[in-house]
Each structure stands twice: as structure tokens, then as C-alpha cells.
Amino acid sequence: MIKIIVTYTFLFLVLVSCTKDDTLSPDIDNNSLLPDRSDYLNQDYGTQALAHKIEGLYDSSIGLVIYDDETRTKPVLYLTRGATEIRIIALESGAVEISYQDFQTLLMPLKMSVTIKGLLEERNDTIFIRGSDGIVRTKRGEDMPIGTPLPESDDAELTGIYINSEKEMGMLIDLMLPIPIKALVRAQKK
């Protein structure tokens, strides 16, 4: 009799320990409760002239570089390079939105799309661009299966320069993906 009671008690404790309490708020997935991110850039930065100067389409070459895990500052491996078109849109605030869609190289199993807003500052013949809260999304490439979840980020950061006289741009985008990978961009205005 004691053996049966101990067995049933053990089974009961195992079942209770395996149940998962729902301790998360029911609003955890309700995006309507978050502030509108576009409101962050409604301020007038007084850089509309600079934004219109660099607005347009760019032919670009993008190289992907893996950095060290600890500091994300030391290049470890230069992966691959490919070409794509970058679009820069001037915003009313004087900031710019920089984006490219479905970037893929021959060695990359994913197509990557990046959108990031940047603030501008001019010094002499150079416009400096700084951005954060960029959005990185990936999707499967053609005939290139991938066995892990698709990486994405809402925290990408950008630093870059635009040289007025040459209509050339250079950017370094930290994609903030689980792998410490950055995009090194060289672009020429069309």
C-alpha cells in the first residue's frame, strides 16, 4: 500500500513540475501598446538641405565582415561581397532613411533587407551620418535552404560619410544579428 501511495505521489509531483504557468502578461504581444517609432523623428533637425543633397539611388558594393564576439570591434573574417541598389529618402525632420532590399551574394544562403534612419552633420566637404534602431530582416534565398531560424534585428547601427564633391558614400552597418556581422558599404550616387 505504501509503495502505491509513493508511486502516485511521485507521478503527481512529476506532472505538477512539468506544467508551465503562464506568468507573462497577456499584453506581451500587443504592439498597439508600444509608442509610434515614427514620432521619434518628428523633431526638426534643420538638416533638410543636407538630406535632399544625399537623397537618391546609389549603386553599391556591400561586403560582410565577421567581428569578434566579445567587443564586436576586431574584424575576424571577411566573408563575401555583392552589389545592390541603396535608396536614400529625405525625411521632413531632416533625417534620412537608408535602405536596401533582398541583398544576397553567391555564398550567402539568405536575402537580407535593411532599413535604418540616420541623422546628418556637415563638416567641410563631408556629411557624417549616424543611425540606430535599424531594422534587419532576412528570408530564404533561392535554392539555398537553411536549417536554423532566420536571423533578424531591430537594433542595427550605422556610421557613414558622404563626400559631396565625389558623390560617394561609405558606411559601416552593425547588423546586430546573433552572429557579430557588419556590412561594409561603398556606394556611388547614380
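Structure shown above.
Keep in mind the model is a prediction, meaning the values are calculated, not measured.

**Digging into the environment of T105**
- Looking at where T105 falls in the secondary structure, it is placed in the loop between β3 (96–103) and β4 (110–123).
- Residue classification places T105 among the buried residues on the basis of a relative accessible area of 6%.
- Each C-alpha atom of the pair T105 and L79 lies 9.9 Å from the other, and the pair is 26 residues apart in sequence.
- Among residues more than four places away in sequence, those in contact with T105 are T80, R81 and G82.

**Focus on the pairing of strand β6 (residues 153–163)**
- Two elements, strand β5 (residues 126–140) and β6, share eight bridges in a ladder whose sense is antiparallel. Among the inter-strand pairings, R130 is bridged to a residue of β6, identified as T159.
- In terms of strand pairing, β6 meets strand β7 (residues 168–174) through seven bridges, oriented antiparallel. Residue pairing in the sheet places I161 in a bridge with G170 of β7.

**So, the nonpolar core**
- Of all hydrophobic cores here, the largest spans 33 residues; its most connected members are I54, L64, I98, Y100 and L175.
- Leaving out residues up to four positions away in the same chain, I98 has contacts with I86, R87, I88, V114, T115, I116, I129, L158 and M171.

**Quick word on the sheet that holds strand β2 (residues 75–90)**
- If you walk around this closed barrel you meet the eight strands as β1-β2-β3-β4-β5-β6-β7-β8, and the pairing is antiparallel. Averaged over all adjacent pairs, the angle separating strand axes in this sheet is 25°, with direction ignored.

**Quick notes on the packing of aromatic side chains**
- Counted under the stated rule, the structure contains two aromatic pairs.
- Between the aromatic rings of Y58 and Y162, the centroid separation amounts to 6.3 Å while the plane-to-plane angle is 85°, which identifies the pairing as edge-to-face. Of this pair, Y58 sits in strand β1 (residues 56–67) while Y162 is found in strand β6, placing the two residues 104 residues apart along the sequence.
- Among the residues examined, Y58 registers a relative accessible area of 0% and is labelled buried.
- For Y162, a relative accessible area of 1% puts it in the buried group.
- When the centroid spacing of 6.0 Å and the interplanar angle of 80° are considered together, the rings of Y100 and F103 count as edge-to-face.
- For R123, the ring lying beneath its charged end belongs to F128, and the centroid distance is 4.6 Å.
- Geometry around Y67 places K182 over its ring, the cationic atom sitting 4.3 Å from the centre.

About the criteria used
Residue positions are given per chain, counting from 1 as you read along its sequence in written order. It should be noted that, the model being predicted, local features are given only for residues of pLDDT at least 70 and side-chain atom pairs only at 80 or more, the latter also being counted only at that level, while totals for whole chains, interfaces and linings use all residues. The side-chain numbers reported here are obtained from all heavy atoms of the structure, hydrogens and water having been left aside. Each helix is a run of DSSP H or I of at least 4 residues and each strand a run of E of at least 2, with the numbering of both proceeding from the N terminus. Classification of residues uses two cut-offs on accessible area relative to the type maximum, computed with a 1.4 Å probe and protein chains only: under 20% is buried, over 50% is exposed, and between them is partly exposed. Here, two residues are considered to be in contact whenever any of their heavy atoms come within 4.5 Å of each other. The pairing criterion for strands is at least two bridges between them, as found by DSSP. Residues grouped as a nonpolar core are buried Ala, Val, Leu, Ile, Met, Phe, Trp, Tyr and Cys residues, joined through side-chain atoms within 4.5 Å. Between N-to-C directions, angles cover 0 to 180 degrees, with each direction set by a line fitted to C-alpha atoms, over the stretch in contact for helices. In summary, the pairing rule links any two rings of Phe, Tyr or Trp, Trp by its six-membered ring, whose centres are within 6.5 Å, and it sorts them by plane angle into stacked for under 30 degrees, edge-to-face for over 60 and tilted for everything else. Only lysine NZ and arginine CZ atoms are considered, and such an atom sits over a ring when it is within 6 Å of the ring centre and within 35 degrees of the ring normal.

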